[in-house]
Amino acid sequence: MSRSRRIHLAAVLFGFLLPLLGCQGLPHGGASVEGFEVKILTDAISVRTRLGEYLEGYLAEYDSRLEKHRVFMALEIQKYVKGERLTVRGRFVDDSVRIAFGDQWDAEVPVFHILRAGPASPEKKLGP
Amino acid sequence: MSTRLEILKPLACLVVLTFCIARCGKEQGEGLSYGSKSMRLTSDYTEIAIDAAKVPGYWAGQVGDGERFFLYSLDRSFKKGDVLAVDGAFGTAAAAVFDDATRVYQSEQPTNVFVVWKAAAQRHGKDEPTPSRRVRGQ
């Protein structure tokens, strides 16, 4: 039996055996889902959070109650670009990231796990 | 050493992906299935993410009923519109997906994933048949 055929066989056997270990399900935080419009401030970056999780995503900011807030938007696929405005829905988790940005060194920003993101509506893009 | 890594890397991907599909399929009362299908590619080479792991491949519709699948493949030589005969394992997984056309990202989307072991182009470009081939690295 060739080497590649043996590898295939091993992979198939794993496929049969691993389901027997059971399903743990995906982790869902208890936080409620929130939505707002954000502006991406950085290119895609990888970070290590305060709790030690490695995440990829973007530093972004949004307006709320006449104040600008910064968040680390965690996404598993990074195809957006710096400066893009998005309408996002997701959950804050009890974790944060220290990021240096602009004149602020090591600012602590909360982590926001994105459930859905898409381009902001054109009317809002033209706004201030 | 590098040859060993070349073999182990896709094997590790295959095992993890098979596990994820099997695990999530079980959640929904379905299982992992094996077989051949005829698929029309509806995207160029792209990627999804399962349990934070990037999974490269193509979006495709099953010829006949149009059921949508993500074909996991390391072979980036195919293109949108190609019709493939594929052998492999398939099931449902919760994946993060990005739609290149609408630029919409969604996580935890139930996705039909087909782990391609062998792919043969039935029509490549201008209806020219091409020989079947194993997907590189698998």
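Residues numbered from 1 in each chain as written. Chains lettered and ligands numbered in written order. Predicted model: local features only at pLDDT ≥ 70, side-chain atom pairs only at ≥ 80, totals over all residues.

### Some words on the overall build of chain B
Phase 1: Scanning chain B from N- to C-terminus turns up one helix and seven strands.
Phase 2: Its helices and strands in sequence order give chain B the pattern α-β-β-β-β-β-β-β, from N to C terminus.
Phase 3: The 138 residues of chain B split such that 37% are buried.
Phase 4: Taking as baseline every contact in chain B between residues at least 6 positions apart, the subset at least 24 positions apart corresponds to 61%. (Helix = DSSP H or I, 4+ residues; strand = E, 2+ residues; numbered from the N terminus. Buried ≥ 20, exposed ≤ 12 C-beta atoms within 10 Å, placed from the backbone. Contact = placed C-beta atoms within 7 Å.)

### Considering the nonpolar core
Phase 1: In terms of nonpolar packing, the biggest core is built from 50 residues, with A:Phe72, A:Met73, B:Leu71 and B:Phe114 touching the most fellow members.
Phase 2: For A:Phe72, the residues in contact, after removing those within four places along its chain, are A:Val47, A:Gly57, A:Leu59, A:Val97, A:Ile99, A:Val109, A:Val111 and A:Phe112. (Core = buried A, V, L, I, M, F, W, Y, C linked by C-beta atoms within 7 Å.)

### Here we look at the confidence of the model for chain B
Residue and element names in this part refer to chain B.
Phase 1: Taken residue by residue, chain B gives an average pLDDT of 80. The fraction at 70 or more is 66%.
Phase 2: Low pLDDT, under 50, characterises residues 25-29; the stretch is placed with 11 contacts to residues that sit more than four places away or in other chains.
Phase 3: Note on residues 125-131: pLDDT under 50 across the span, and three contacts to partners over four residues away in sequence or across chains.
Phase 4: With pTM at 0.70, the complex prediction returns an ipTM value of 0.72. (pLDDT = per-residue confidence, 0-100.)

### A short note on the environment of B:Gly91
Residue and element names in this part refer to chain B.
Phase 1: Relative to the elements of secondary structure, Gly 91 occurs in strand S5 (residues 83-99).
Phase 2: Taking the C-beta count within 10 Å as the criterion, Gly 91 has 26 such neighbours and is therefore assigned buried.
Phase 3: Each C-alpha atom, one on Gly 91 and one on Glu 108, is 15 Å from the other, the two residues being 17 residues apart in sequence.

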